[in-house]
Amino acid sequence: MTSSLATPAAASDLVQPTRLWTPKHVVVTASAAEQPHTAEILRRCEAAGVDDVTMLSGDRITGLRGGSDREVYARAKSTLAVVVAPPSARKPQPIPPSADWRIDLAKGCPAHCQYCYLAGSLSGPPITRVYANLDEVLAPIATHVGRGTVTSGTAERAHEGTTFEMSCYTDPLGIERVTGSLAAAIARVGAGEFGDDASIRFTTKFDDVTELATLDHGGRTRVRFSVNAADVAHRFEGGTARMPARLAALRTLARAGYPVGVTIAPIMPIPGWREQYGQLLADLADAVADVPDLDLTAEIITHRFTPASKDVLLGWYPATKLEMDEDARSAKRSKFGGVKYVYPKDVMAEMRSWFTAELDRTVPSAQLLYWT
Ligand code: SF4
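Residues numbered from 1 in each chain as written. Predicted model: local features only at pLDDT ≥ 70, side-chain atom pairs only at ≥ 80, totals over all residues. Heavy atoms only, no water.

Identification of the protein chain as Radical SAM protein from Rhodococcoides kroppenstedtii is taken from an unreviewed UniProt entry.

Our focus in this paragraph is the packing of helix α7 (residues 243-255) against helix α8 (residues 273-288). Remark: α7 packs on α8, axes separated minimally by 9 Å, with the N-to-C direction vectors making an angle of 35°. For the pair α7 and α8, the sense of crossing is right-handed. For the pair α7 and α8, the contacting residues are Met243, Leu247, Leu250 and Arg251 in the first and Leu280, Asp283, Leu284, Ala287 and Val288 in the second. Here the contact of α7 with α8 is composed, by residue class, of 7 nonpolar, no polar and 2 charged. (Axes fitted to C-alpha atoms, helices over the stretch in contact; angles between N-to-C directions. Helix = DSSP H or I, 4+ residues; strand = E, 2+ residues; numbered from the N terminus. Left-handed = near helix turned anticlockwise from the far one by under 90°. Contact = heavy atoms within 4.5 Å. Nonpolar A, V, L, I, M, F, W, Y, C, P; charged D, E, K, R; others polar.)

This part covers the pattern of salt bridges. Where charged atoms of side chains with opposite charge meet at close range, the side chains can pair. Taken as a whole and judged by the stated rule, the model has 21 salt bridges. Here Asp196 ties to Arg220 by a salt bridge, and the two come within 2.9 Å at their closest N and O atoms. Placement of Asp196 in the loop between α5 (181-190) and β10 (198-204) and of Arg220 in the loop between β10 and β11 (221-227) is noted, with a sequence separation of 24 residues between them. Residue classification places Arg220 among the buried residues on the basis of a relative accessible area of 9%. (Salt bridge = Lys/Arg side-chain N within 4 Å of Asp/Glu carboxyl O. Buried < 20%, exposed > 50% of the residue type's maximum accessible area, 1.4 Å probe, protein only.)

Within this structure, the stated rule accounts for 10 aromatic pairs. Relative to Phe355, the ring of Trp273 lies with its centre 6.2 Å away and its plane at 10°, an arrangement referred to as stacked. Taken together, the positions of Trp273 in helix α8 and Phe355 in helix α10 (residues 345-362) put the pair 82 residues apart, joining distant regions of the chain. In terms of burial, Trp273 and Phe355 fall into one category: buried. (Phe/Tyr/Trp six-rings, centres within 6.5 Å; stacked < 30°, edge-to-face > 60°.)

Strands belonging to one sheet form pairs held by backbone hydrogen bonds; the direction of such a pair is parallel or antiparallel. As summarised here, the arrangement of the 5 strands in space is β2-β1-β3-β8-β6, forming an open sheet in which the pairing is mixed. One side of each edge strand has no neighbouring strand; the edge strands of this open sheet are β2 (53-55) and β6 (106-107). Note: β6 against strand β8 (residues 128-131), 2 bridges, orientation antiparallel. From the neighbouring strand, Ala106 faces β8, where its bridge partner is Val130. (Pairing = 2+ DSSP bridges.)

This paragraph deals with the confidence of the model for the protein chain. Atom-level detail of predicted coordinates should not be read off regions where pLDDT is low. The predicted model of the protein chain has a mean per-residue pLDDT of 93, with 95% of residues at 70 or higher. For residues 2-6, every residue scores under 50 in pLDDT, and the model assigns this stretch 13 contacts once sequence neighbours within four places are set aside. ipTM for the predicted complex: 1.00, alongside a pTM of 0.94. (pLDDT = per-residue confidence, 0-100.)

A few words now on the site of the ligand. Around the ligand lies a shell formed by Cys109, Ala111, Cys113, Tyr115, Cys116, Tyr117, Leu118, Asp171 and Lys205. Looking at the shell around the ligand, its residues break down into 7 nonpolar, no polar and 2 charged. (Near = heavy atom within 4 Å.)

With 93 residues, the main nonpolar core has Ile141, Ile264, Tyr277 and Phe355 as its most contacted residues. Element by element, the count of residues in this core is highest for α8, at 8 residues. Every residue in contact with Ile264, bar those within four places of it in the chain, is listed here: Val227, Tyr277, Leu280, Leu281, Glu299, Ile300, Ile301 and Phe355. One finds Trp21, Cys45, Ala48 and Val130 within the second-largest nonpolar core, a separate group that totals 15 residues. (Core = buried A, V, L, I, M, F, W, Y, C linked by side-chain atoms within 4.5 Å.)

The next subject is the sheet that holds β10. Spatially, β4-β5-β9-β10-β11-β13-β14-β17 is the arrangement adopted by the 8 strands of the open sheet, whose pairing is mixed. Lying at the two open borders of the sheet, with one neighbouring strand each, are β4 (93-95) and β17 (366-371). Going across the sheet, the axis of each strand differs from the next one's by a mean of 30°, ignoring polarity. Strand contacts of α8: β11, β13 (260-267) and β14 (296-302), with the helix running at about 170° to β13, the strand carrying the most contacts. Contacts from α10 reach β13, β14 and β17 within the one sheet, and its direction differs from that of β17 by about 165°.

Dropping the structure here:
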């Protein structure tokens, strides 16, 4: 694996974050209280001004339910639980096409995206659980490096070594201010603790990169910013950083030597989609225009939903204007019998051909990893 050198960010590259999450409540389970990383989490919570911290006498988190659906949702979204990841949550899973393996630093996210990817995979109130047993969570990087399943087998990505995706169940940057898990992972992987061939990656809709920009990342972390058309972001991505702030954060990290990327997702054929996504790509091109040694990737994902995710999302956002009409979609069945609803073939083909051509034309430095 080749790695670009980490370049500490110049003061002029740092921009003030526009979106910082502060939980209203923090609960720490008894098992988590014994973990060394919990002290760092509590230090960060105190620095962020959290004054409601409950040390539980056991490992069961109670008090989330009660009141209206709206109240349960609001309480869960403003609560951070510090817990120990059980062995089942620490077993790396292949995660194509994004990465070789999935590693979870946390489960849950404080933002309010009306299409949230987590809706189909999380059960119960949408609380954010951060894992305090960080050493155990990161340990599979050492055991799975060299055991690539997806990316290390492709010519374009072989230089990344074995890749570990950290944003399957959370937005790790969105909670970083009060967890510190991401900085620890970046620094440890960057220092080569898990060997030269391990690299981590995550996607975010947040922009607080001040600390990350100062880390010695060793070129072993790829930070992708989830971006979208202005109307989609404005209408459906509550509690996240605005698009210009995400692109400014991408620029800051790219100038600090990080491999970076954009996850353009979820794409929707809204009225005027060509103009809106065209503007987004033009803004991206501007953001990276003068970045030296730029390493920029793009992943493009169209909107889809399942019966389970639709059900959960309509419970969380009953007044949403998000289109989830089965009749306007094509049903795609998995080999396990599940169904997801994607855009019809002709719409998919039209968007795919436009996006690949426009990305190539507007941001030729971006390497398209996949379209789905
Ligand atoms: Fe869900 Fe990602 Fe939005 Fe968080 S940022 S609410 S994980 S879609």
